[in-house]
Amino acid sequence: MKIPFEKLDKAFENRVRLQIMSVLVVNERYDFNSLKELLDVTDGNLASHLKGLEKEEYVKVNKTFLGRKPNTSYEATEKGKTAFKAHLDALEALIKQQRTN
Amino acid sequence: MEEQNLHDELASIRNLMERSSKFISLSGLSGILAGIYALIGAVAAFLLLYYGSCSSPFIYANSTIALQDYNWSLIYELLIVAAAVLMASLATGLILAQRKAKRKNQPIWGEASKQLLFNMAVPLVAGGLLAVVMLLKGHIGFISSITLIFYGVALVSASNFTYKDVRYLGLLEILLGLFAAYVPGFGLYFWALGFGVLHIIYGSVVYFKYDR
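Residues numbered from 1 in each chain as written. Chains lettered and ligands numbered in written order. Predicted model: local features only at pLDDT ≥ 70, side-chain atom pairs only at ≥ 80, totals over all residues. Heavy atoms only, no water.

## Description of unusual backbone geometry
All names here are of chain A. We note that Asp 40 has phi near 55 degrees; this positive angle belongs to a residue other than glycine. Counting through the fold element by element, Asp 40 comes out in the loop between helix 2 (32-39) and helix 3 (43-55). Judged by relative accessible area, which is 67%, Asp 40 ranks as exposed. Positive phi is not limited to glycine here, since Glu 57 has a value of about 65 degrees. Within the secondary structure, Glu 57 sits in the loop between helix 3 and strand 2 (59-66). (Helix = DSSP H or I, 4+ residues; strand = E, 2+ residues; numbered from the N terminus. Buried < 20%, exposed > 50% of the residue type's maximum accessible area, 1.4 Å probe, protein only.)

Below is the structure:
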């Protein structure tokens, strides 16, 4: 039987992107620094993956000021949430199939 | 992709979802210790009330007494005991949470803990202010009931951001607070039960479920 790899979302091929998305689906919003600390990645690495997700319109950026300090936070869009869920379903289907094979 | 890879992927997602949205670094031991402090405080309050230097106890069966009948020096002593219990509990909770957070690789001051604190603070501040108003208006019999109920509400609202067990503790505190309102005059005993015994039980549950 053919394994439906094509159902896996290319945007989530990278682990960090998938991790970013899993944080954003359970939290209304998450700021850059907390995300960095949680995922234990570098500034540049995180920024580039966030850019990637932004380009897919999976996440939305909110720039606010906390006093004088700029504060960048991210939230998942509806499109992003749907894509994430579909990706998880695909992962689940893959596991099930490998069990029956 | 290997099956093991898939499983790792899913496990990491599940772990992140929990770690990012729930503060899972509350220590069970700190709950037990807070309960013990509260019981010590209750004993101290009991001694002050019935054997203290400035004791001319109120008539406890009355839930409302006139302000001029207040024994202020006794009230100050009781407030100091309460503040000491609160401070000791907070300090212990903070230190032990810090230790556990390091082990769990969760930031002590992150999104989850901020949400937890904010959701607790709103009912706590409201209840605390109401308790002060009751004290100033002479309704001392309701203070223990109010603190228990609002503390319970704070726990229930905070429970979305940490272990689910916190919710049951909150519900029990609310129930106890309602009983306390129904039988005024036994505030100290309800306090000892709610802040002492219930915390020790809750702390033990958390300790055995998540800490070991």
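Right, picking up where we left off after that structure.
## Comments concerning the environment of Ala76(A)
Residues and elements named next belong to chain A. Residue position: Ala 76 is located in strand 3 (residues 69-76). The spacing of Ala 76 and Leu 53 is 23 residues in sequence and 9.4 Å in space, taken between C-alpha atoms. Not counting residues up to four positions away in its chain, the partners in contact with Ala 76 are Met 21, Leu 24, Tyr 58, Val 59 and Lys 81. (Contact = heavy atoms within 4.5 Å.)

## Here we look at the pairing of strand 3 of chain A
In regular strands, side chains alternate between the two faces of the sheet. Residue and element names in this part refer to chain A. As paired strands, strand 1 (residues 30-31) and strand 3 are joined by two bridges and run antiparallel to one another. Among the inter-strand pairings, Tyr 30 is bridged to a residue of strand 3, identified as Tyr 74. Relative to strand 3, strand 2 is paired through eight bridges, and the arrangement is antiparallel. When the sheet's bridge partners are listed, Thr 64 is paired in strand 3 with Asn 71. The hairpin turn running from strand 2 into strand 3, its antiparallel successor, is two residues long, and Gly 67 in that turn takes a positive phi close to 70 degrees. (Pairing = 2+ DSSP bridges.)

## Quick look at helix 2 of chain A
Think of an α-helix as turning once every 3.6 residues; residues three or four places apart then point the same way. Residues and elements named next belong to chain A. Phe 32, Ser 34, Leu 35, Leu 38 and Leu 39 are the residues of helix 2 that are buried. Considered in projection along helix 2, the buried side chains sweep an arc of 165 degrees and stay on one side of the axis. Residue Asp 31 occupies the N-cap position of helix 2, its side-chain oxygen lying 3.1 Å from the main-chain nitrogen of Asn 33. At the exit of helix 2 stands Asp 40, carrying a positive phi of roughly 55 degrees. (Arc of directions from axis to C-beta. Polar contact = N/O pair within 3.5 Å; in protein donor to acceptor, adjacent residues only side chain to side chain.)

## Description of the interface of chain B and chain A
If you look at the interface, chain B gives 17 residues, while chain A gives 24 residues. For the pairing of chain B and chain A, the buried interface totals around 1,900 Å² over both sides, and the portion due to carbon and sulfur atoms is 64%. On the chain B side of the interface with chain A, the three residues burying the most area are Leu6(B), Leu16(B) and Glu111(B), jointly 26% of the side's total. Here chain B is connected to chain A by one salt bridge. Among the salt bridges present, the one from Arg15(A) reaches Glu9(B), with a minimum N-O distance of 3.7 Å. The biggest single contributor to the side of chain B that touches chain A is helix 1 (residues 3-21) of chain B, with 13 residues. For the side of chain B that touches chain A, a count of residues per class yields seven nonpolar, four polar and six charged. (Buried area = accessible area lost by both parts, 1.4 Å probe. Salt bridge = Lys/Arg side-chain N within 4 Å of Asp/Glu carboxyl O. Nonpolar A, V, L, I, M, F, W, Y, C, P; charged D, E, K, R; others polar.)

From the geometry alone we can't say anything about function, so treat these as descriptive.
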